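Residue-level structure breakdown
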Amino acid sequence: MNDKTLAIIKPDAVNDKKAGEIITMISQAGFKIKAMRLVKLTKESAEGFYEIHKGKAFFEELIDYMTSGPCIPIALEKENAVEDYRKLIGATDPAKAAEGTIRKLFARNIQFNAVHGSDSDENAKKEISYFFSGKELLEIYPG
Ligand code: IDP
Ligand code: MG
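This text gives an overview of the structure that appears in the document. Numbers given for residues are sequential positions, taken from 1 along each chain in its written order. Chains and ligands are labelled by the order in which they are written, letters from A for the one and numbers from 1 for the other. The model is predicted, so local features are restricted to residues of pLDDT at least 70 and side-chain atom pairs to those at 80 or more, both for listing and for counting; the totals for chains, interfaces and linings are taken over all residues. Hydrogens and waters are ignored; side-chain quantities use all the structure's heavy atoms.

Moving on, we come to the overall build of the protein. For the protein, the count of helices and strands is eight helices and four strands. A helix here means a DSSP run of H or I that spans at least four residues, while a strand means a run of E at least two residues long, and both kinds are numbered starting from the N terminus. Starting at the N terminus and walking to the C terminus, you meet the elements of the protein as β-α-α-β-α-α-β-α-α-β-α-α. C-alpha atoms define the radius of gyration, and 2.2 Å times the number of residues to the power 0.38 defines the globule rule. Here the protein has a C-alpha radius of gyration of 14 Å; the compact-globule value for 143 residues is 15 Å, and the two agree. Across its three principal axes, the protein shows a C-alpha extent of roughly 40 × 35 × 25 Å. A simple rule labels every residue: compare its accessible area, found with a 1.4 Å probe on the protein chains alone, to the largest value its type can have, and call it buried under 20%, exposed over 50%, or partly exposed in between. Within the protein, the fraction of its 143 residues that count as buried is 45%. Contact between two residues is taken to exist if any of their heavy atoms lie within 4.5 Å; hydrogens are not considered. At a minimum sequence separation of 6, the contacts of the protein that also span at least 24 residues come to 74%. Here, Shrake-Rupley sampling with a 1.4 Å probe gives the accessible areas, and only protein chains in the shown set may cover a residue. As displayed, the protein offers around 7,600 Å² of accessible surface, 52% of which is attributable to carbon and sulfur atoms.

In C-alpha cells form, the structure reads like this:
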C-alpha cells in the first residue's frame, strides 16, 4: 500500500522531445513503471483531472496547456512513491526547484513545468484510476 504515484509527462515536455530523458531519470531513481500511455486530453478530461484547481486564476490556461498536445501518464511504484517522486521533480516553479530535479532541467516556468506528480497517496489512487482501468488497474492495485 501507499507505494504508487501518478506521473504525467506534460505536453510541453513531449513536444520538446524530452519524454525519453525524463523516463530515464524516473527509472534510474528507482521507480518501476507499472503502466504508461500516450493521450491527448479533451477539455472535459483535463477539467476533471484538475477539478481541485477550478476557480483559480490559472485554471483556464492550465486546461489550454494540458490539452495543447499529447501527454504521457505513467503509474509508478516505489516505496514512499509520492514523496520521493515530488522530490525528483522539484518545486512547481522551476525557478525554485532544486538543482538536478526534472523541473529544474526541463520546465520553462511555473505553468509549462514539464511534469505532474500526485500530492498524496489518496490522490495518487484517484489519479491513476483516472487514466488506467480494468485489467491494467488491477495489475497496479492487486486485490
Ligand atoms: P504541482 O503540479 O506542483 O502539484 P499545483 O499547484 O497542483 O502544482 O498546480 C497544478 C499545475 O498548474 C502546475 O503544475 C502548473 O502547470 C500550473 N500552475 C500552478 N500554479 C500556476 C501559476 O501560478 N500560474 C500558471 N500556472 C500554474
Ligand atoms: Mg498538484
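Let's shift gears to the nonpolar core. Each nonpolar core is a collection of buried residues, namely Ala, Val, Leu, Ile, Met, Phe, Trp, Tyr and Cys, held together in the definition by side-chain atoms within 4.5 Å. Core analysis: the biggest nonpolar cluster contains 20 residues, and Met66, Phe131 and Phe132 have the highest contact counts within it. Of all the secondary-structure elements, those providing two or more residues to this core are strand S1 (4–9), helix H3 (43–49), helix H4 (59–66) and helix H7 (121–131). It is H4 that provides the largest number of residues to this core, a total of five residues. Contacts of Met66, omitting those with residues within four sequence positions, involve Ile8, Lys10, Pro11, Leu41, Ala46 and Tyr50. If you look at the next biggest cluster of nonpolar residues, it comprises 18 residues, including Ile74, Tyr85, Leu88 and Phe106.

Time to look at the pattern of salt bridges. Salt-bridge detection follows one rule: a side-chain nitrogen of Lys or Arg within 4 Å of a carboxyl oxygen of Asp or Glu. Evaluated as defined, the whole model comprises ten salt bridges. With its nearest N and O atoms 4.0 Å apart, the salt bridge here joins Glu83 to Lys87. A residue pair is termed a helical-turn pair when its members lie 3 or 4 positions apart in one helix, as Glu83 and Lys87 do in helix H5 (residues 81–89) at four residues.

What follows is about the site of ligand 1. Close to ligand 1 lie Lys10, His53, Phe58, Glu61, Leu62, Tyr65, Arg86, Thr92, Arg103, Ile110, Gln111 and Asn113, which account for all nearby residues. Side-chain atoms alone can form a polar contact between residues adjacent in sequence; in general such a contact is a pair of N or O atoms within 3.5 Å, and within protein one must be able to donate a hydrogen while the other accepts it. In this structure, Arg86 approaches ligand 1 through a side-chain N or O atom, which is 2.9 Å from an oxygen atom. Gln111 is positioned such that a nitrogen or oxygen atom in its backbone is 2.9 Å from an oxygen atom of ligand 1. Its free accessible area being 530 Å², ligand 1 has 80% of it covered by the protein chains. Here the shell around ligand 1 takes three residues from H4, the largest share from any one element. Polar here means any residue outside two lists: the nonpolar Ala, Val, Leu, Ile, Met, Phe, Trp, Tyr, Cys and Pro, and the charged Asp, Glu, Lys and Arg; Gly therefore counts as polar. Here the residues of the shell around ligand 1 are counted per class, giving four nonpolar, four polar and four charged. To be near a molecule or strand, a residue needs just one of its heavy atoms within 4 Å of it.

Right, let's talk about the sheet that holds strand S2 (residues 32–36) for a bit. With respect to topology, four strands assemble into an open sheet ordered S2-S3-S1-S4, the strand pairing being antiparallel. The sheet is open, and its two borders are formed by S2 and strand S4 (115–117), each paired with just one other strand. Looking at each pair of strands side by side, their axes are set apart by 25° on average, direction ignored. At least two DSSP bridges between two strands are required for those strands to pair. Angles here are taken between N-to-C directions and fall from 0 to 180 degrees, while the axes themselves are lines fitted to C-alpha atoms, restricted in helices to the stretch in contact.

Quick look at the side chain of Lys4 now. Within the secondary structure, Lys4 sits in strand S1. Side chain to side chain, Lys4 and Glu77 meet in a polar contact 3.2 Å long. Setting aside anything within four residues of it in sequence, one finds Lys4 in contact with Leu76, Glu77, Ala81, Val82, Asp121, Ala124, Ile128, Ile140 and Tyr141.

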